[in-house]
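# Structure assessment
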Amino acid sequence: MNKAYLVLENGMVFEGFAMGAEGAAIGELVFNTGVCGYTDTLTNPSNAGQIVMQTFPLIGNYGLIASDFQGECALNGYVVREWCAIPSNFRAEKDLDTFLKEKGVVGIYGVDTRQITKVLREEGSMNVMICKKIPEDLTSVKEYKIIGAVSEVSCTEPQVFGPKGKVVSRVVLIDYGTRKSFIDELVSRGCQVTVVPQDTTAEVILQMNPNGVLLSNGPADPKENEFCISQIRKLFGKLPIFGIGLGHQMLALAAGGETVKMGHGHRGANQPVKSLEDGRTYITIQNHGYVVDAESVKDLANVNYINANDSTCEGLSYPTKRAFSVQFYPESFSGPRHTGFLFDRFITMMGGAL
């Protein structure tokens, strides 16, 4: 076992052991509270540029299964308390350490993840370095910023996915770092889904004559994606739009709202969301560090969902524009599936019948 260190930008150092790829890594340290679903975390493009720490103490016990992947691994680093070297699952194809090595992701284990989580909870997400030698100068760590993440995780060429039977609706999904399961959810409901790169113009999308557009999840600061926001603005009101995660945030920006960075974000499969329409509370999977400022959209949209813990905005609707969006994932391959009805709502909005 080779020693490794997790060095926070505030100077705190945690000693552990190296795993995964060789070398050092710098990134924004965030924590994920999911009890299960580490495969989802490892392959969610929304984590691009980040070093993710799992709060659940044992990771890797059921191995890695390629058919469960949500996208390409885009992490800068991975932090766990303990990892399982011998997975116990008949579907397991490889162990966690092997996966990280193959993907070039530097990891560390054996650190006190509970203490580190408390630091992030109190001081907010911060930049860190995983290394084998503690640096004397932390300037490079403090100055690190996630830049251009959406263009890095988006597809480069259009792809078409279709149902086996009758096509109910034709959807263009703009890929800002989409999860595979969003495509699966639409296809299972009879949609033909054309996934297009993040830099696709509104004119090209309208020429495809879809029944609706889905704005996918994705990484980093939504305000950075000025071109994407400008194209959403051109689409707004011309056809049904459903935004998820980053797509939810950029739709609000396109409509004239604002977004703000959160202290430590919401990441995990146990986030409670309250519906303001019927009072129900749903347990959802989330992965974001930015949020729509509800006050900034009060004259632009209806707030339909709020987080039950901190009352932040979790969902908006634009009745006169045939558009709505949610911050959480309305499905979860590895967690709660209570809000899949939102895909049904989207199809109904497009004029499809289920």
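Structure first, text after, so check above.
As a starting point, this report considers the structure included with it.

Analysis parameters
- Residues numbered from 1 in each chain as written.
- Predicted model: local features only at pLDDT ≥ 70, side-chain atom pairs only at ≥ 80, totals over all residues.
- Heavy atoms only, no water.
- Helix = DSSP H or I, 4+ residues; strand = E, 2+ residues; numbered from the N terminus.
- Buried < 20%, exposed > 50% of the residue type's maximum accessible area, 1.4 Å probe, protein only.
- Polar contact = N/O pair within 3.5 Å; in protein donor to acceptor, adjacent residues only side chain to side chain.
- Core = buried A, V, L, I, M, F, W, Y, C linked by side-chain atoms within 4.5 Å.
- Contact = heavy atoms within 4.5 Å.
- Pairing = 2+ DSSP bridges.
- Axes fitted to C-alpha atoms, helices over the stretch in contact; angles between N-to-C directions.
- Phe/Tyr/Trp six-rings, centres within 6.5 Å; stacked < 30°, edge-to-face > 60°.
- Lys NZ or Arg CZ within 6 Å of the ring centre and 35° of its normal.

As a further point, take the environment of D221. By secondary structure assignment, the location of D221 is in the loop between β13 (212-215) and α8 (226-235). Taking the relative accessible area as the measure of exposure, D221 reaches 25% and is therefore partly exposed. As a C-alpha pair, D221 and I146 span 75 residues in sequence and 8.2 Å in three-dimensional space. At a separation of 3.0 Å, a polar atom in the side chain of D221 contacts the main-chain amide nitrogen of K223.

Moving on, we get to the nonpolar core. Membership of the largest hydrophobic core comes to 30 residues, with the highest contact counts inside it found for I174, Y176 and Y318. Where this core is concerned, the elements lending two or more residues are β11 (169-175), α7 (202-207), β13, α8, α9 (246-255) and β18 (313-318). Sorting elements by how many residues they give to this core places α9 first, with seven residues. If near-sequence neighbours (up to four positions away) are discounted, Y318 is found in contact with F236, L251, A252, A255, L300, A301, A323, F324 and S325. Counting residues in hydrophobic clusters, the runner-up holds 26 residues, among them L214, V273, F324 and I347.

Once that is clear, we can look at the pairing of strand β12 (residues 191-197). Here β12 lies mainly inside the structure; six of its seven residues are buried. Examined bridge by bridge, strand β10 (residues 159-161) and β12 share three bridges and lie antiparallel to one another. Each bridged residue has a counterpart across the sheet, and for F161 the counterpart in β12 is V193.

With mixed pairing, ten strands are arranged side by side in an open sheet as β10-β12-β11-β13-β14-β19-β18-β17-β15-β16. Among the strands making up the open sheet, the edge pair consists of β10 and β16 (281-292). Across this sheet, the average inter-strand angle for adjacent strands is 25 degrees, counted without regard to direction. Here β18 runs beside strand β19 (residues 323-326); their pairing, made up of four bridges, is antiparallel. When the sheet's bridge partners are listed, L316 is paired in β19 with S325.

Applying the stated criterion to the full structure yields twelve aromatic pairs. Plain terms: the ring middles of F182 and Y329 are 5.7 Å apart, the flat faces sit at 75 degrees to each other, and that makes the pair edge-to-face. Residue F182 is found in helix α6 (residues 180-188), and its partner Y329 is found in the loop between β19 and α10 (341-349); the two are separated by 147 residues along the sequence. Using a relative accessible area of 0% as the deciding quantity, one classes F182 as buried. Residues F236 and Y318 carry aromatic rings whose centres are separated by 5.2 Å and whose planes lie at 90 degrees to one another, so their mutual orientation is edge-to-face. One end of the pair, F236, is in the loop between α8 and β14 (241-244); the other, Y318, is in strand β18, and 82 residues separate them in sequence. For the pair F236 and Y318, a shared accessibility class is recorded, and that class is buried. Here a set of aromatic residues connected by ring pairs shows up, and it is made of F182, F242, F324, Y329, F343 and F346. Above the ring of F236, the side-chain terminus of K321 is found at 5.7 Å from the ring centroid. One residue, R345, lies across the ring of F324, its end atom 4.1 Å from the ring centre.

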